[in-house]
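Residue strings, one per chain:
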Amino acid sequence: DVKVTQSSRYLVKRTGEKVFLECVQDMDHENMFWYRQDPGLGLRLIYFSYDVKMKEKGDIPEGYSVSREKKERFSLILESTSTNQTSMYLCASSFQAGAYEQFFGPGTRLTVL
Amino acid sequence: DAKTTQPPSMDCAEGRAANLPCNHSTISGNEYVYWYRQIHSQGPQYIIHGLKNNETNEMASLIITEDRKSSTLILPHATLRDTAVYYCIVRVRGWYGQNFVFGPGTRLSVLP
């Protein structure tokens, strides 16, 4: 059974702290994605990666960075959190270019105080 | 990618067909229509996709109008477990970086 896992379901941080969100997929997928989801705004793409060590900015990359050192792992980094980064963060992966199905993880709900 | 318009919410009686509309009047010839859903506290789940022909799978049917400016997702016999937010997305099947733009979607409530 295909699986995308995320390191935490819930996180609470204080403003200015550094946060790592990890995502692991066990399907040997090439493409991986990070989204954030906010009420009324749907899902918005932060960054994606189509290969190891490759990354591309999505629609809202400001305040975030990513790392993909291994094919199965894609990390989202918030260097210095702010309250407007309180959100649900979703990781996804897909097999190859042109594939229509993205597999999503369960999400991490981050609260920044 | 083309924008889509969906009603914010819909109700459906359990056991009846749920018909979820989507308008995509600016769709291009090479853009596909995709449907995903998100059940509470879970990540989105792929349902179905199509280009111009109607499609059916074990979960749902997708009806695309001849001019491709709108489509309807049909859940033939809705159950309580189909209560979710349904997203209609149009995009090109690109060769990489297949980012999907998820709008607010339609919140479907299946009522007993």
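Caption draft 1: Summary view of the overall build of chain B. Within chain B, the regular secondary structure consists of zero helices and nine strands. For chain B, the sequential pattern of α-helices and β-strands runs β-β-β-β-β-β-β-β-β. For a compact globule of 112 residues, the expected C-alpha radius of gyration is about 13 Å, and chain B comes in at 13 Å, within 12% of that figure. For the C-alpha atoms alone, the extent of chain B along its principal axes is close to 40 × 30 × 25 Å. Counting every position in chain B, which comprises 112 residues, the buried fraction comes to 46%. For chain B, long-range pairs separated by at least 24 residues make up 58% of all intrachain contacts whose partners lie at least 6 apart in sequence. Counting only carbon and sulfur atoms, one obtains 50% of the accessible surface of chain B, whose full area is about 5700 Å². Considering chain B, the positive charge centre built from 10 side chains and the negative charge centre built from 9 side chains are found 4 Å apart.

Caption draft 2: Quick look at the nonpolar core. Core analysis: the largest hydrophobic core is formed by 21 residues, its most contacted members being Leu20, Trp35, Leu73, Leu75, Tyr86 and Leu108 of chain B. Counting residues per element, the ones that place at least two in this core are strand 2 (18-23), strand 3 (31-38), strand 4 (45-50), strand 6 (61-64), strand 7 (70-75), strand 8 (84-92) and strand 9 (106-111) of chain B. The element best represented in this core is strand 8 of chain B, accounting for four residues. Counting 20 residues, the second-largest nonpolar core is a separate cluster that includes Met27, Ile60, Val66 and Tyr89 of chain A.

Caption draft 3: Just the sheet that holds strand 8 (residues 73-78) of chain A, in detail. All names here are of chain A. Spatial strand order, 1-3-8-7: four strands in an open sheet with antiparallel pairing. On the outer flanks of this sheet lie strand 1 (4-6) and strand 7 (65-70), each paired with one strand and no other. Direction aside, the axes of adjacent strands within the sheet are offset by 20° on average.

Calculation rules
Residues numbered from 1 in each chain as written. Chains lettered and ligands numbered in written order. Predicted model: local features only at pLDDT ≥ 70, side-chain atom pairs only at ≥ 80, totals over all residues. Heavy atoms only, no water. Helix = DSSP H or I, 4+ residues; strand = E, 2+ residues; numbered from the N terminus. Rg over C-alpha atoms; globule rule 2.2 N^0.38 Å. Buried < 20%, exposed > 50% of the residue type's maximum accessible area, 1.4 Å probe, protein only. Contact = heavy atoms within 4.5 Å. Areas by Shrake-Rupley, 256 points an atom, 1.4 Å probe, with all protein chains shown as cover. Lys, Arg positive; Asp, Glu negative; His and termini not counted. Charge placed at Lys NZ, Arg CZ, Asp CG, Glu CD. Core = buried A, V, L, I, M, F, W, Y, C linked by side-chain atoms within 4.5 Å. Pairing = 2+ DSSP bridges. Axes fitted to C-alpha atoms, helices over the stretch in contact; angles between N-to-C directions.

Remember that the coordinates give geometry; whether it matters functionally is a separate question.
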